[in-house]
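# Results of the structural survey
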Amino acid sequence: MNERFSASGLMNPFFPDEVAFGDKGVTFKVKKLFRSTDNFVFYTDISGVEIESGIFFSTIRVIPRMRPEIIINNFTKGDAKKVKELILQQVQG
């Protein structure tokens, strides 16, 4: 599986967060002005996924085992739900 989702450009047009799915795990790219963070997590190491929905956009919280949670912001509600579904399919499958 090679799918990629980007956060909305409305809230942060130059540095949108990204989620990229691979065969063995998922990569979360959190971008800031002077730095960015890439977190790769194996599907087997994910213990949960939470979505916090606002009026227009959602925040995705991924809870890996033995690591701090990963927070990615400003995804559309539909993309956030799809990301959660894809992660849970891989974790359970």
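That block above? That's the structure.
Residues numbered from 1 in each chain as written. Predicted model: local features only at pLDDT ≥ 70, side-chain atom pairs only at ≥ 80, totals over all residues. Heavy atoms only, no water.

## Overview of the side chain of D17
With respect to the secondary-structure elements, D17 resides in the loop between β1 (4-6) and β2 (18-21). Buried charge without a salt bridge: D17, with K32 as the nearest opposite-charge side chain at an N-O distance of 5.7 Å. Here K31 takes part through its backbone nitrogen, which lies 3.2 Å from a polar atom of the side chain of D17. In terms of polar contacts, D17 uses its side chain to reach the backbone amide nitrogen of N73, at 3.1 Å. In this structure, D17 is in contact with F5, S6, A7, K29, V30, K31, I72, N73 and F75, ignoring residues within four places of it in sequence. (Helix = DSSP H or I, 4+ residues; strand = E, 2+ residues; numbered from the N terminus. Buried < 20%, exposed > 50% of the residue type's maximum accessible area, 1.4 Å probe, protein only. Lys, Arg positive; Asp, Glu negative; His and termini not counted. Salt bridge = Lys/Arg side-chain N within 4 Å of Asp/Glu carboxyl O. Polar contact = N/O pair within 3.5 Å; in protein donor to acceptor, adjacent residues only side chain to side chain. Contact = heavy atoms within 4.5 Å.)

## A few points about the pattern of salt bridges
All chains considered together, the criterion is met by four salt bridges. The residue E18 makes a salt bridge to R4 at a minimum N-O spacing of 3.2 Å. Taken together, the residues E18 in strand β2 and R4 in strand β1 connect sequence positions 14 residues apart. Taking the relative accessible area as the measure of exposure, R4 reaches 54% and is therefore exposed. Its salt-bridge partner being E52, residue R61 comes within 3.1 Å of it at the nearest N-O pair. Look at the salt bridges and you will find they share partners, linking R4, E18 and K31 into a network.

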